[in-house]
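Structural characterization, general
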Amino acid sequence: MSFREKTHWAAFLALAFAFGWYFLAYPWAMVSTDAGVAAVAGMLVPVTIIIVAVMAATATFFAIRAPKEANLKEDERERSIHIRGTHLAYYPLVLGAWINMIAIFYRFSPGVYLNLLMATVVIAELVRVGSQLYYYRRGY
Amino acid sequence: MAQLPFTNDIRMLRFLMFEMTQGDLGDRVGVTRQTIAAIEQGKYSPSLEVAFRIAHVFNKPLEEVFRWQKDID
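Residues numbered from 1 in each chain as written. Chains lettered and ligands numbered in written order. Predicted model: local features only at pLDDT ≥ 70, side-chain atom pairs only at ≥ 80, totals over all residues. Heavy atoms only, no water.

Glancing now at a nonpolar patch on the surface. Residues and elements named next belong to chain A. A grouping of W98, M101, I102, F105, Y106 and F108 is seen on the molecular surface, where their side chains present a nonpolar patch of about 760 Å² in accessible area. Mapping F105 onto the fold places it in the loop between α4 (76-104) and α5 (110-138). Its relative accessible area of 70% is what places F105 among the exposed residues. (Patch = residues over 30% accessible without salt bridge, like charges linked within 9 Å, V, L, I, M, F, W, Y side chains within 5 Å. Areas by Shrake-Rupley, 256 points an atom, 1.4 Å probe, with all protein chains shown as cover. Salt bridge = Lys/Arg side-chain N within 4 Å of Asp/Glu carboxyl O. Helix = DSSP H or I, 4+ residues; strand = E, 2+ residues; numbered from the N terminus. Buried < 20%, exposed > 50% of the residue type's maximum accessible area, 1.4 Å probe, protein only.)

Here we take up the packing of helix α2 (residues 22-29) of chain B against helix α3 (residues 33-40) of chain B. Residues and elements named next belong to chain B. Direction vectors running N to C along α2 and α3 enclose 105°, while the axes themselves pass 8 Å from each other. The angle between the axes of α2 and α3 places the two elements in the roughly perpendicular class. From α2, Q22, G23, L25 and G26 reach across to α3, where they touch R33, I36, A37 and E40. Class assignment for the residues of the contact of α2 with α3 results in three nonpolar, three polar and two charged. (Axes fitted to C-alpha atoms, helices over the stretch in contact; angles between N-to-C directions. Parallel < 35°, antiparallel > 145°, perpendicular 65-115°, else oblique. Contact = heavy atoms within 4.5 Å. Nonpolar A, V, L, I, M, F, W, Y, C, P; charged D, E, K, R; others polar.)

So, on to the environment of A:I81. Tracing the backbone shows A:I81 in helix α4. The spacing of A:I81 and A:Y136 is 55 residues in sequence and 7.3 Å in space, taken between C-alpha atoms.

With that out of the way, let us pick up the interface of chain A and chain B. In this assembly, 13 residues from chain A lie in contact with 15 residues from chain B. Here chain A packs against chain B, burying approximately 1200 Å² in sum over the two surfaces, 46% of which is carbon and sulfur. Here chain A and chain B share zero salt bridges between them. The interface formed by chain A and chain B holds five residue pairs in polar contact (both at pLDDT 80 or more) in total. Contributing elements (two or more residues each) for the side of chain A that touches chain B: α3 (67-70), α4 and α5 of chain A. With three residues, α4(A) is the single largest residue contributor to the side of chain A that touches chain B. The class makeup of the residues in the side of chain A that touches chain B is three nonpolar, two polar and eight charged. (Buried area = accessible area lost by both parts, 1.4 Å probe. Polar contact = N/O pair within 3.5 Å; in protein donor to acceptor, adjacent residues only side chain to side chain.)

As enumerated under the stated definition, the model contains eight salt bridges over all chains in all. Measuring nitrogen to oxygen at the nearest pair gives 3.1 Å for the salt bridge that ties A:E78 to A:R4. Separated by 74 residues along the polypeptide, A:E78 in helix α4 and A:R4 in helix α1 (residues 3-25) bring together distant segments of the chain. Of the residues examined, A:E78 reaches a relative accessible area of 1% and is grouped as buried. Note that A:R137 is salt-bridged to A:E5, the shortest N-O span being 2.7 Å. With A:R137 in helix α5 and A:E5 in helix α1, this pair connects stretches of sequence that are 132 residues apart. A network of salt bridges, in which partner residues are shared, links B:R11, B:R14 and B:E40.

Before going further, it helps to examine unusual backbone geometry. Phi is positive for A:R107, which is not a glycine, with a value near 50°. Mapped onto the elements, A:R107 comes out in the loop between α4 and α5. Of the residues examined, A:R107 reaches a relative accessible area of 73% and is grouped as exposed. Its identity is not glycine, yet B:N59 carries a phi of approximately 55°, on the positive side.

Right, dumping it as structure tokens:
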């Protein structure tokens, strides 16, 4: 497994666990209140710290174990995998944007839009990293 | 995964070249060991440039490293 594939696994798991916790622990009963908006900001702090810490620790650990591989530039296969993953993530991103635009007509609270936007970005990111992992494993 | 319309003899050529490793070949071609492994296994279709670079390492013409499969149009 290459250095980049390992860091992709770390990113995927960190995203899934951190935002999984966020969406399960978020106080949905108060989503329409000002406290609901504040909760989004407050909960994003530990989520961001968890993701950044896991990514940094994983990258450092694997870079120390295989420094030569960590310093290698992306080759054409890896670039191609990244392009495909980003392309696939475009679809959930656009779908989420449309859902958000339609939701505006229903006059939800800012907390709902914030969470909807965040879910859109998280799903798109999971699709991007997940599909890249799939292509790393399966080839194409 | 669709099967690539060509095969290659990279594994055998590496063996004949003093058992060169995938990593060594990757270093000389400018790609990762995993990419060489993917090419060998027919999981990745390399660019023309990388294909030529691989053939150049073995000092062979391209068609002696990569071969079009006869049963595919």
